[in-house]
Amino acid sequence: HRPVVLPRLILSILSVSMIIWGWKGDPISDEWEQGAYSFIVMGLFLVAAGVLLLTSLAPLVTRFLSKLVSPLSGRIASVLPTSLAYPMATPFRTAMTMGMFSLVIFAVVILSGYSALFGNYLNEMGEESGGGYEILAFSGSELDPDVSTWDLGEMNVSDFDSIATIHNAVVKVERSDGMGDTLNIGLRGFDQNFTDHGALGLDSWAENIGTEKDVWEAVLADDSLVIVDSSLAPRPEGWENAPPTLNLTIGSAILVSDPSNSGVNKTVYVAGILKQESSIMVPGLYMQNEFTEQRFDAKPQIVWFSMPEGTPLAEQERAADEIERGMIEEGVGVFVIEVAFAKLQSFFLSMFNLLKAFLALGLAVGIAGLAVVTIRNVSERRHQIGILRAIGFQRGMVVAAFLIELSWVSFLGILNGALVGVGFHYALYERFLKEDGAEFIMPWAEISMIVLGAYLLTLIATLWPVRKAASIRPAEALREAN
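All figures in this text were calculated on a predicted structure; none of them were measured in a lab.

Thresholds, definitions, all that
Residues numbered from 1 in each chain as written. Predicted model: local features only at pLDDT ≥ 70, side-chain atom pairs only at ≥ 80, totals over all residues. Heavy atoms only, no water. Helix = DSSP H or I, 4+ residues; strand = E, 2+ residues; numbered from the N terminus. Buried < 20%, exposed > 50% of the residue type's maximum accessible area, 1.4 Å probe, protein only. Contact = heavy atoms within 4.5 Å. Areas by Shrake-Rupley, 256 points an atom, 1.4 Å probe, with all protein chains shown as cover. Salt bridge = Lys/Arg side-chain N within 4 Å of Asp/Glu carboxyl O. Expected span 1.5 Å × (residues − 1). Phe/Tyr/Trp six-rings, centres within 6.5 Å; stacked < 30°, edge-to-face > 60°. Axes fitted to C-alpha atoms, helices over the stretch in contact; angles between N-to-C directions. Parallel < 35°, antiparallel > 145°, perpendicular 65-115°, else oblique. Pairing = 2+ DSSP bridges. Patch = residues over 30% accessible without salt bridge, like charges linked within 9 Å, V, L, I, M, F, W, Y side chains within 5 Å. Lys, Arg positive; Asp, Glu negative; His and termini not counted. Charge placed at Lys NZ, Arg CZ, Asp CG, Glu CD.

## A short note on the overall build of the protein chain
Inference 1: Helix and strand counts for the protein chain come out as 15 helices and 10 strands.
Inference 2: Across the 482 residues of the protein chain, 44% fall into the buried class.
Inference 3: Within the protein chain, counting contacts between residues at least 6 apart in sequence, those at least 24 apart form 78% of the total.
Inference 4: When the accessible area of the protein chain is evaluated, it comes to approximately 24,900 Å², of which 60% is carbon and sulfur surface.

What follows is the structure in structure tokens.
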């Protein structure tokens, strides 16, 4: 058997090398720049490597298992090599069929992992973006600074544990050293209520001042300090088509001026930079509200509402409706932050589910194709089946041989795609998300259902041709062959 075994061992070694190179990188392309399509190529590389490995190991595994179980059951020892004889005789067709299953399952697993990771990311983003506040209101006109005069419908000021009014204006911002662009940015003047409630989360801050809360207190007390949103921080390397930014870091000096009158200006220093999640709802420059009102004529137009901890979402929605109904004359628009992110999450997940549905159709076509191929195999192999029945193979052994053959092609192809998909998804997480403190999430229950469901559908689709093969009588098959 050496002339046959040696090439298969070489192919197995080559397949393992492809898997290692696809996972960790190879010395040839290690220094190449990774583009948008490089990961797709890596995924296809890993899927192909898994298929080659399985097809090359088939005879070795079969021979090993046959020797292992032969003392226990002669029937199993006879069925195993017989069941894989036909797939090994047509290696290209077997590899293509197995590869089709692997590729579709690989894509489905990747999409499932992305949808779970993205859904969790949106949940965390929703929690961070509010900074402890649940409701956000915007007004097109100037609001009364005295909260007690507001008409909140059936709600009262005492129903909220914090109401923070943000003064709003637009200013021109540029670096004091003359480098970078000049941008028009929203100016946000915050009050003591905003600081006392915890304000928004910071990604970085001047540690010599103290904690995050100390930084907000310092900015509230000193009109020469500001907190900026993450869009003004330096961009990661390799970011293509990035929007304009000032590349601000802690301690950077910036000149803030009135867009219509450059004589009204103020040089300030960056004391903190908001987290990316905290910059979503109300981005801009954060300063003390009294200074923004006096120097840049900022108006109270944005309001954060915080309800007591544990307030149900339905109660938050009712409160938002009451606020909007009571302040309709001021043109106030109100929304619940969690609801807004839930709608956004639903939209993106529906897109992922649509893509998975199309892939599921492709998988169904592949299963139907395997059933057609099985029917053709039964027709082409009637003589072989008749010989097997003539030498003592019973109907159950013929059924077992076909089931093992189909399982080898379909289930191992499905399992290969699932394992490569999970490994590939983890490799992307380890390379891009692990350093940011993100949690590795995988919908294991969904993936298990995909794997088992695809395999069961394959068995169901091929049940009729397999039963037809088992019902072939030896005399009939041999007579037709003659």
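## Some details on the pattern of salt bridges
Inference 1: Inspection of every chain in the model, using the stated rule, returns nine salt bridges.
Inference 2: Arg 318 is the partner of Glu 154 in a salt bridge, and the nearest nitrogen-oxygen pair spans 3.9 Å. Separated by 164 residues along the polypeptide, Glu 154 in the loop between strand 1 (135-139) and strand 2 (162-175) and Arg 318 in helix 9 (residues 313-326) bring together distant segments of the chain.
Inference 3: A cluster of three or more residues bridged by salt bridges with shared partners is formed by Glu 142, Asp 297 and Lys 299.

## With respect to helix 5 (residues 91-130)
An α-helix turns once every 3.6 residues. As a result, residues three or four positions apart point the same way.
Inference 1: The terminal C-alpha atoms of helix 5 lie 58 Å apart, and with 40 residues this matches the ideal 58 Å at 1.5 Å per residue to within 8%.
Inference 2: Immediately beyond the C-terminal end of helix 5, within one or two residues, lies Gly 131, with a positive phi of roughly 60°.

## Description of unusual backbone geometry
Inference 1: In this model, Ala 199 sits at a positive phi of 55°, which is unusual for a non-glycine residue.
Inference 2: Along the chain, the position of Ala 199 falls in the loop between helix 6 (192-196) and strand 4 (202-205).
Inference 3: A relative accessible area of 3% places Ala 199 in the buried class.
Inference 4: Residue Asn 247 is not a glycine yet carries a positive backbone phi of 55°.

## A closer look at the packing of aromatic side chains
Inference 1: Per the counting criterion, the structure on display carries 16 aromatic pairs.
Inference 2: Relative to Trp 304, the ring of Tyr 133 has its centre 5.6 Å away and its plane inclined at 50°; by these criteria the two rings are tilted. With Tyr 133 in the loop between helix 5 and strand 1 and Trp 304 in strand 9 (residues 299-306), this pair connects stretches of sequence that are 171 residues apart. Residues Tyr 133 and Trp 304 agree in their burial class; the two are buried.
Inference 3: Measuring from ring centre to ring centre gives 5.0 Å for Tyr 426 and Phe 440, while their planes differ by 80°; the resulting arrangement is edge-to-face. Of this pair, Tyr 426 sits in helix 12 (residues 395-432) while Phe 440 is found in the loop between helix 12 and helix 13 (444-461), placing the two residues 14 residues apart along the sequence.
Inference 4: Classification of Phe 440 as partly exposed rests on a relative accessible area of 25%.

## Remarks on the packing of helix 5 against helix 10 (residues 337-380)
Inference 1: Interhelical geometry of helix 5 versus helix 10 gives an angle of 170° and a closest axis separation of 10 Å. In terms of orientation, helix 5 lies roughly antiparallel with respect to helix 10.

## Things to note about the environment of Gly 178
Inference 1: Among the secondary structure elements, Gly 178 is positioned in the loop between strand 2 and strand 3 (183-190).
Inference 2: According to the relative accessible area criterion, Gly 178 is exposed, its value standing at 61%.

## Some words on the pairing of strand 8 (residues 285-288)
Inference 1: The sheet contact formed by strand 3 and strand 8 spans four bridges and is parallel. Along strand 8, the bridge assignment pairs Arg 188 with Tyr 286.
Inference 2: Across two bridges, strand 5 (residues 225-228) lies against strand 8 in antiparallel orientation. Paired with Ile 227 across the two strands is Tyr 286, which belongs to strand 8.

## Looking at a negative patch on the surface
Inference 1: There is a patch of like negative charges on the surface, built from Glu 124, Glu 127, Glu 317, Asp 321, Glu 324, Glu 338 and Glu 439.
Inference 2: With three residues, the top contributor of residues to the negative patch is helix 9.
Inference 3: Following the sequence through the fold, Glu 439 ends up in the loop between helix 12 and helix 13.
Inference 4: Glu 439 sits in the partly exposed class, given a relative accessible area of 48%.

## Points about a nonpolar patch on the surface
Inference 1: Taken together, the side chains of Leu 344, Phe 347, Phe 348 and Met 351 make up a nonpolar region of the molecular surface, amounting to roughly 350 Å² of accessible area.
Inference 2: Secondary-structure assignment places Phe 347 in helix 10.
Inference 3: Among the residues examined, Phe 347 registers a relative accessible area of 48% and is labelled partly exposed.

## A short note on the environment of Ile 250
Inference 1: With respect to the secondary-structure elements, Ile 250 resides in the loop between strand 5 and strand 6 (253-258).
Inference 2: In this structure, the C-alpha to C-alpha distance between Ile 250 and Ala 271, residues 21 residues apart in sequence, is 5.7 Å.
Inference 3: Excluding its chain neighbours within four sequence positions, the residues that come into contact with Ile 250 are Ser 204, Trp 205, Ala 206, Val 270, Ala 271, Gly 272 and Ile 273.

## Focus on the pairing of strand 7 (residues 261-274)
Inference 1: Both strand 4 and strand 7 contribute to a ladder of three bridges, which runs antiparallel. Within the sheet, the bridge partner assigned to Trp 205 lies in strand 7 and is Gly 272.
Inference 2: As judged from the four bridges shared by strand 5 and strand 7, these two strands associate in the parallel manner. In the sheet register, Val 226 faces strand 7, and the bridge partner there is Val 270.
Inference 3: In this sheet, strand 7 lies alongside strand 6 in antiparallel orientation, the contact comprising six bridges. Within strand 7, the residue paired with Leu 255 across the bridge is Thr 267.
Inference 4: If you look at the hairpin formed by strand 6 and strand 7, you'll find two residues sitting between the two strands.

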